[in-house]
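Observations on chain architecture
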Amino acid sequence: RTQGHQERNLQHALGEIDRMASALGVPDATREMASVMYRRALSEDLLPGRSIESVATAVLYAACRQENIPRSLNEITPVSRVNRKEIGRCYRYLSKELELEIEPADPKQYVPRFASKLDASTEIQEKAKEIIDVGTEAGLLSGKSPTGFAAAAIYAASLLCNDRVTQQTVAEAANVTEVTIRNRYQEQMEAMGLEM
């Protein structure tokens, strides 16, 4: 009987992973990795006290990070059935318990996707990556959201390339706040030794 129950839960979880992965445009290999992580969490008895949805979302987020497919918590939350805080908590727990080796997300990974949403030129993308490199070397990234950092770099690059995009437009494309863009932008400009 418990076997049937576990089997049903597993089917439900795998269905959730598939549903969210489709909504996010995640490749099959990454879905498969998320499914494998879910099965591991199940076999190592890490699920009690956590909802199937939160674990399914957390493993999908972890798989995306491991496969260098940039999807932020802000992007994953709307397709999940749990809130951002719960996803983050579950992700931290599972990555510790399953000893997942996950590098911090590189803001440069987000540049092409955000730039394409904004129809930004290759010149802006290259400049944004350069701004991110300078900011990273200056230690600005520590504790900051990589998506906000990438968005601010695109905004800064658009100004430096005389092809201005508004903070609001960039904020919407990157799913971050205008305040985040303003704050990161000011730090990045200072790191580059430029006046605003």
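Throughout what follows, the structure given in this document is the object of discussion. Keep in mind it's a predicted model, so treat the numbers as computed, not measured.

A closer look at the packing of helix H2 (residues 28-43) against helix H3 (residues 52-66)
Orientation of H2 relative to H3, taken along the N-to-C sense of each, is 130 degrees, at an axis distance of 8 Å. Taken as axis vectors, H2 and H3 run oblique relative to one another. Classified by chirality, the crossing of H3 by H2 is right-handed. Contacts between H2 and H3 involve Thr30, Met33, Ala34, Met37 and Tyr38 from the former and Ile52, Val55, Ala56, Val59, Leu60, Ala62, Ala63, Cys64 and Gln66 from the latter. Its residues placed into classes, the contact of H2 with H3 shows 12 nonpolar, two polar and no charged.

Regarding the packing of aromatic side chains
Applying the stated criterion to the full structure yields three aromatic pairs. An angle of 75 degrees between the planes, with centres 4.8 Å apart, marks the rings of Tyr61 and Tyr91 as edge-to-face. Of the two residues, Tyr61 sits in helix H3 while Tyr91 sits in helix H5 (residues 84-97), which places them 30 residues apart along the sequence. This pair shows no difference in class: Tyr61 is buried, exactly as Tyr91 is. An angle of 25 degrees between the planes, with centres 5.7 Å apart, marks the rings of Tyr110 and Phe114 as stacked. Grouping residues by exposure puts Tyr110 and Phe114 together as buried.

Describing the side chain of Glu16
Following the sequence through the fold, Glu16 ends up in helix H1 (residues 2-24). Looking at Glu16, the relative accessible area reads 4%, which means it is buried. A polar contact of 3.1 Å, which involves the side chain of Glu16, links it to the side chain of Arg19. Not counting residues within four places of it along the chain, the set of residues in contact with Glu16 comprises Glu53, Ala56 and Arg81.

Observations concerning helix H10 (residues 178-191)
Taking 1.5 Å of rise per residue, the 14 residues of H10 would be expected to cover 20 Å, and the 20 Å separating its terminal C-alpha atoms lies within 8% of that figure. Here H10 has its buried residues at Ile181, Arg184, Tyr185, Gln188 and Met189. Along the long axis of H10, the arc covered by the buried residues comes to 135 degrees, so they all point the same way. Buried residues in H10 make contact with helix H7 (122-137), helix H8 (146-160) and helix H9 (167-174). Once H10 ends, the next one or two residues include Gly193, with phi positive near 70 degrees.

Let's talk about the side chain of Glu75
Within the secondary structure, Glu75 is located in helix H4 (residues 73-76). Within the structure, Glu75 has its side chain in polar contact with the backbone nitrogen of Ser72 (distance 2.8 Å). The contact partners of Glu75, leaving out residues within four places of it in the chain, are Leu24, Pro70, Tyr110, Arg113 and Asn175.

Topic: the nonpolar core
Note that soluble globular proteins tend to have their nonpolar side chains buried in a common cluster. In this structure, Ile17, Tyr38, Val55, Val59, Leu60 and Leu94 are the most contacted members of the largest nonpolar core, which totals 36 residues. For this core, the secondary structure elements donating two or more residues are H1, H2, H3, H4 and H5. Residues within four places of Val59 in sequence aside, it is in contact with Ile17, Ala34, Met37, Tyr38 and Leu94. Membership of the second largest hydrophobic core comes to 32 residues, among which are Tyr110, Ile124, Ala152 and Val176.

Here we look at the environment of Ala153
Looking at the secondary structure, you find Ala153 in helix H8. Given a relative accessible area of 0%, Ala153 falls into the buried group. C-alpha of Ala153 to C-alpha of Gln11: the two residues are 142 residues apart in sequence and 42 Å apart in space. Setting aside residues no more than four positions away along its own chain, Ala153 makes contact with Ala128, Ile131, Ile132 and Gln188.

A look at unusual backbone geometry
Even without being a glycine, Asn68 presents a positive backbone phi close to 55 degrees. Locating Asn68 in the fold gives a position in the loop between H3 and H4. Phi is positive for Asn175, which is not a glycine, with a value near 60 degrees. Inspection of the secondary structure puts Asn175 in the loop between H9 and H10. Residue Asn175 is classed as partly exposed on the basis of its relative accessible area, which comes to 37%.

Thresholds, definitions, all that
- Residues numbered from 1 in each chain as written.
- Predicted model: local features only at pLDDT ≥ 70, side-chain atom pairs only at ≥ 80, totals over all residues.
- Heavy atoms only, no water.
- Axes fitted to C-alpha atoms, helices over the stretch in contact; angles between N-to-C directions.
- Helix = DSSP H or I, 4+ residues; strand = E, 2+ residues; numbered from the N terminus.
- Parallel < 35°, antiparallel > 145°, perpendicular 65-115°, else oblique.
- Left-handed = near helix turned anticlockwise from the far one by under 90°.
- Contact = heavy atoms within 4.5 Å.
- Nonpolar A, V, L, I, M, F, W, Y, C, P; charged D, E, K, R; others polar.
- Phe/Tyr/Trp six-rings, centres within 6.5 Å; stacked < 30°, edge-to-face > 60°.
- Buried < 20%, exposed > 50% of the residue type's maximum accessible area, 1.4 Å probe, protein only.
- Polar contact = N/O pair within 3.5 Å; in protein donor to acceptor, adjacent residues only side chain to side chain.
- Expected span 1.5 Å × (residues − 1).
- Arc of directions from axis to C-beta.
- Core = buried A, V, L, I, M, F, W, Y, C linked by side-chain atoms within 4.5 Å.

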